[in-house]
Amino acid sequence: MRSWTVGDIRITQVLEMPVEVGVLDGLIAEATPEVVQGIGWLHPDYATAGGQTIWSLHSYVVDTGSAVVVVDTGCGNGKSAPLIPAWGKLDNPFLERLAEAGYTREQVDVVLCTHMHLDHVGWNTVDDGGRWVPTFPNARYVYVADEFAYHQGIAEEADISDDLAGAVVYEGANPDIHNQTRLVFAESIQPVVDAGLLDLVPADHVVTEGVRYVSTPGHTKSHHSVVVESKGERAFITGDFIHHPVQIAEPTWSSHGDFDRAQSAARRVEFVESAADTDLLVLGTHFAGTSAGRVVRDGGGYRFAPA
Ligand SMILES: [Zn+2]
């Protein structure tokens, strides 16, 4: 279990599971094995010797001293995932690892969500004898209102799915994003709403002292990353704004999962330029190996330096 400090704040990575190599092949079209092999620093943490990209599913626990904040909650156990079958009906010891990190379910004060895809909201709820109930009974689940409405729209309005199908379907996966989103709502979102634990907030909302949302649209309509600040130090939790470290070398490369690839690319170019050679700690939500590091200039481009 890895953790990093940002001023007085501690951030701990809690693994859900490594992604089996191959499951997300082709998600970033330009990142072919030949091209990835040419970006030497990606191996061994972020790519195999053969040039296949390596990915991870994990959460970050941000402990400010006055609040315990969980950022993104993975796939969860026992969930329906027709879009990516390898991520459905899982049985991982995530809550045991959370306990190893020093946190009980009851201690979590806030749950944040960069966006509402199936692999970011799963541990919102657990199966309690055939009923989905909130995993963190004392937490506020704080979501950006526009992002919530966007996914709710996909879940409820059948005619939206045709427009989105081309933008959100993973290669080889079930193209029924409409049904997947409806399942995510039923299993991982609605039980939180029903328990009265959901708070909808505006874009770029300050969640608690030292933790705020920052707008990074493109992967989804109102995707938000999370900025952590304390004592002059800063960290940035990417969500799927940066899906894989290869996008630090090549920030214009977007993913098949992106709702608006041009918007995602433009925002990423701006981010990588502004982060380069600063002390900003970048924590990747799907980065394998050492998942946190800094953006450094490398010749005419950029690379990720693990921390
Ligand atoms: Zn994701």
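What counts as what
- Residues numbered from 1 in each chain as written.
- Predicted model: local features only at pLDDT ≥ 70, side-chain atom pairs only at ≥ 80, totals over all residues.
- Heavy atoms only, no water.
- UniProt positions renumbered as here; feature names shortened; annotations may be inferred.
- Helix = DSSP H or I, 4+ residues; strand = E, 2+ residues; numbered from the N terminus.
- Rg over C-alpha atoms; globule rule 2.2 N^0.38 Å.
- Buried < 20%, exposed > 50% of the residue type's maximum accessible area, 1.4 Å probe, protein only.
- Contact = heavy atoms within 4.5 Å.
- Areas by Shrake-Rupley, 256 points an atom, 1.4 Å probe, with all protein chains shown as cover.
- Lys, Arg positive; Asp, Glu negative; His and termini not counted.
- Charge placed at Lys NZ, Arg CZ, Asp CG, Glu CD.
- Polar contact = N/O pair within 3.5 Å; in protein donor to acceptor, adjacent residues only side chain to side chain.
- Pairing = 2+ DSSP bridges.
- Axes fitted to C-alpha atoms, helices over the stretch in contact; angles between N-to-C directions.
- Salt bridge = Lys/Arg side-chain N within 4 Å of Asp/Glu carboxyl O.
- Donors = N, O, S within 2.8 Å, 3.2 Å for Na, K, Ca; no water.
- Core = buried A, V, L, I, M, F, W, Y, C linked by side-chain atoms within 4.5 Å.
- Parallel < 35°, antiparallel > 145°, perpendicular 65-115°, else oblique.
- Left-handed = near helix turned anticlockwise from the far one by under 90°.
- Nonpolar A, V, L, I, M, F, W, Y, C, P; charged D, E, K, R; others polar.

If you look the chain up in an unreviewed UniProt entry, it shows as Glyoxylase, beta-lactamase superfamily II from Klenkia taihuensis. According to its UniProt record, the chain has this under Sequence similarities (unreviewed entry): "Belongs to the metallo-beta-lactamase superfamily."

Caption draft 1: Representation of the overall build of the chain within the structure. In terms of helices and strands, the chain carries 8 helices and 16 strands. In summary, the chain has a C-alpha radius of gyration of 18 Å against a globular reference of 19 Å for 307 residues, a match within 12%. With the C-alpha coordinates aligned to their principal axes, the bounding extent of the chain is approximately 55 × 45 × 35 Å. When burial is assessed residue by residue, the chain has 56% of its 307 residues classed as buried. Long-range contacts, defined here as pairs at least 24 residues apart, represent 67% of the contacts in the chain between residues at least 6 apart. A total of about 11,800 Å² of accessible surface is found on the chain, and carbon and sulfur atoms cover 48% of it. Averaging the locations of the 19 positively and 42 negatively charged side chains of the chain gives two centres separated by 5 Å.

Caption draft 2: Representation of the side chain of Ser-291 in the model. Following the sequence through the fold, Ser-291 ends up in the loop between strand 14 (281-283) and strand 15 (292-298). At 2.7 Å, the side chain of Ser-291 and the side chain of Tyr-60 are in polar contact. Beyond its immediate chain neighbours, meaning those up to four positions away, Ser-291 contacts Trp-4, Gln-13, His-58, Tyr-60, Val-282, Leu-283, Gly-284 and Phe-304.

Caption draft 3: Summary view of the sheet that holds strand 10 (residues 206-208). The mixed open sheet is built from 7 strands, whose spatial order is 10-11-12-13-14-15-16. Every other strand in the sheet has two partners, leaving strand 10 and strand 16 (301-306) as the edge strands with one partner each. Across the sheet, the mean angle separating the axes of adjacent strands is 30° when strand polarity is ignored. Relative to strand 16, strand 15 runs antiparallel, the two being bridged by 6 bridges. If you follow Arg-297 over to strand 16, its bridge partner there is Tyr-302.

Caption draft 4: Just the pairing of strand 4 (residues 68-71), in detail. Residues Val-68 and Val-70 of strand 4 are buried on one face, and the alternating residues Val-69 and Val-71, pointing to the opposite face, are buried as well. Relative to strand 4, strand 3 (residues 56-63) runs antiparallel, the two sharing 4 bridges. Within the sheet, the bridge partner assigned to Val-62 lies in strand 4 and is Val-69. Taken together, strand 3 and the strand that follows it, strand 4, pair antiparallel across an intervening segment of 4 residues, in which Gly-65 is found at a positive phi of about 100°. Two elements, strand 4 and strand 5 (residues 110-112), share 3 bridges in a ladder whose sense is parallel.

Caption draft 5: Representation of the side chain of Lys-79. With respect to the secondary-structure elements, Lys-79 resides in the loop between strand 4 and helix 2 (94-100). It turns out Lys-79 is buried and unbridged, and the closest side chain with the opposite charge, Glu-187, is 5.5 Å from it. Aside from chain neighbours lying at most four places away, what touches Lys-79 is Gly-88, Lys-89, Gly-122, Thr-125, Trp-132, Glu-187 and Ser-188.

Caption draft 6: Representation of the coordination of the zinc ion within the structure. All of the protein donors around the zinc ion are Asp-119 (OD), His-120 (NE2), Asp-240 (OD) and His-286 (NE2); their distances to the metal are 2.1 to 2.2 Å. Written as a sequence motif, the donor arrangement for the zinc ion is D-H-x119-D-x45-H. Of this pair, Asp-119 sits in helix 3 (residues 118-121) while Asp-240 is found in the loop between strand 13 (233-237) and helix 7 (246-249), placing the two residues 121 residues apart along the sequence. Using a relative accessible area of 6% as the deciding quantity, one classes Asp-119 as buried. Given the relative accessible area of 2%, Asp-240 is considered buried.

Caption draft 7: Geometry of the sheet that holds strand 4. Pairing is mixed across the open sheet formed by 7 strands, whose spatial order is 1-2-3-4-5-8-9. This sheet does not close on itself; its edge strands, each paired only once, are strand 1 (3-6) and strand 9 (198-201). Looking at each pair of strands side by side, their axes are set apart by 25° on average, direction ignored. Here helix 4 (residues 145-156) sits on the sheet and contacts strand 8 (140-144) and strand 9; the angle it forms with strand 8, its principal contact strand, is near 80°.

Caption draft 8: Summary view of the nonpolar core. One finds Trp-87, Leu-112 and Tyr-143 to be the most contacted residues of the largest nonpolar core, which totals 92 residues. Of all the elements, helix 6 (residues 177-194) adds the most residues to this core, at 5 residues. Dropping the residues within four chain positions of it, Leu-112 is found in contact with Val-69, Val-70, Val-71, Asp-72, Val-142, Tyr-143, Val-207, Val-211, Tyr-213 and Val-226.

Caption draft 9: Structural view of the packing of helix 4 against helix 6. The contact between helix 4 and helix 6 brings their axes to 8 Å, and the two run at 125°. Between helix 4 and helix 6, the angle falls in the class oblique. For the element pair helix 4 and helix 6, the recorded crossing hand is left-handed. Listed contacts from helix 6 to Phe-148, His-151, Gln-152, Ile-154, Ala-155 and Glu-156 of helix 4 are Ile-177, His-178, Thr-181, Arg-182, Phe-185, Ile-189 and Val-193. By residue class, the composition of the contact of helix 4 with helix 6 is 7 nonpolar, 4 polar and 2 charged.

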